[in-house]
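Examination of the molecular architecture
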Amino acid sequence: LSGSIASPDVKLNLGGDFSKESTATTFLRQRGYGWLLEVEENDPEDNKPLLEELDIDLKDIYYKIRCVLMPMPSLGFNRQVVRDNPDFWGPLAVVLFFSMISLYGQFRVVSWIITIWIFGSLTIFLLARVLGGDVAYGQVLGVIGYSLLPLIVIAPVLLVVGSFEIVSTVIKLFGVFWAAYSAASLLVGEEFKTKKPLLIYPIFLLYIYFLSLYTGV
């Protein structure tokens, strides 16, 4: 017996769209345009949250704020983190907030406060380096900025007791001493030895000037 069995004519209907896509893909690749069909893979680093992109650590900023507002060593805060791990956004937020409460309808006060923060910190930094201190400008900028918080705290109190001159003066002095002590205790280390007053005094004057910008004196 001899013969042959013809194979069945089987056609797979995969849909017209797939056939068209396959033809188009082949055509583009033959013409050297295959790169148009490439799909970029998502880079995990491109999907970071905005705060992480800007290097903003809210927990770290909150901890530093507590260190500045409560400078007593007995409370157990590691206050040196304000100096040793400086950041930019926290002090800038404090300075801008102090500027906003100091407006009194004069928007130029904002630029003055930011200017005094930058150049006042530069002055303290240069004095510290001349006196032999091992401190960076970024550290001074952060400490001076964060230490404006006591002046922000006393601001609403001054609105209440503003009519009582003696009480108002006492609160102002308390706020300035609080801010200056908080900054000086971080910036004035043991390396200054007998030269501490040479750095503490300009820090104290700097916060007096900040307060004068707020009160308008």
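These remarks concern the structure in this document. (Residues numbered from 1 in each chain as written. Predicted model: local features only at pLDDT ≥ 70, side-chain atom pairs only at ≥ 80, totals over all residues. Heavy atoms only, no water.)

1. Observations regarding the packing of aromatic side chains
Considering all chains together, one arrives at 7 aromatic pairs under this definition. Residues Phe-125 and Tyr-137 carry aromatic rings whose centres are separated by 5.9 Å and whose planes lie at 65 degrees to one another, so their mutual orientation is edge-to-face. Here Phe-125, found in helix α6 (residues 108–130), pairs with Tyr-137, found in helix α7 (residues 137–146); they are 12 residues apart in sequence, far enough to count as distant. Three or more aromatic residues joined by ring pairs make a cluster, and in this case those are Phe-88, Trp-89 and Trp-117. (Phe/Tyr/Trp six-rings, centres within 6.5 Å; stacked < 30°, edge-to-face > 60°. Helix = DSSP H or I, 4+ residues; strand = E, 2+ residues; numbered from the N terminus.)

2. Some details on the nonpolar core
If you look at the biggest cluster of nonpolar residues, it comprises 50 residues, and the most contacted ones within it are Ile-144, Leu-151, Ile-203, Tyr-207 and Phe-210. Listing elements by their share of this core, those giving two or more residues are α3 (58–69), α4 (80–84), α5 (89–101), α6, α7, α8 (149–161), α9 (165–187) and α10 (196–215). (Core = buried A, V, L, I, M, F, W, Y, C linked by side-chain atoms within 4.5 Å. Buried < 20%, exposed > 50% of the residue type's maximum accessible area, 1.4 Å probe, protein only.)

3. Brief notes about α8
Because each turn of an α-helix spans 3.6 residues, side chains separated by three or four positions end up pointing in the same direction. Relative to the 18 Å expected for 13 residues at 1.5 Å per residue, α8 spans 19 Å between its end C-alpha atoms, a close match to the ideal helical length. Along α8, the helix axis deviates most sharply at Ala-155, where the bend reaches about 30 degrees; the proline Pro-156 sits within four residues downstream. Packed against the buried residues of α8 are α3, α5, α7, α9 and α10. (Expected span 1.5 Å × (residues − 1). Bend = angle between axes of the 7 residues up to and from the residue. Contact = heavy atoms within 4.5 Å.)

Note that every value here comes from positions in space, so none of it alone points to a role or purpose.
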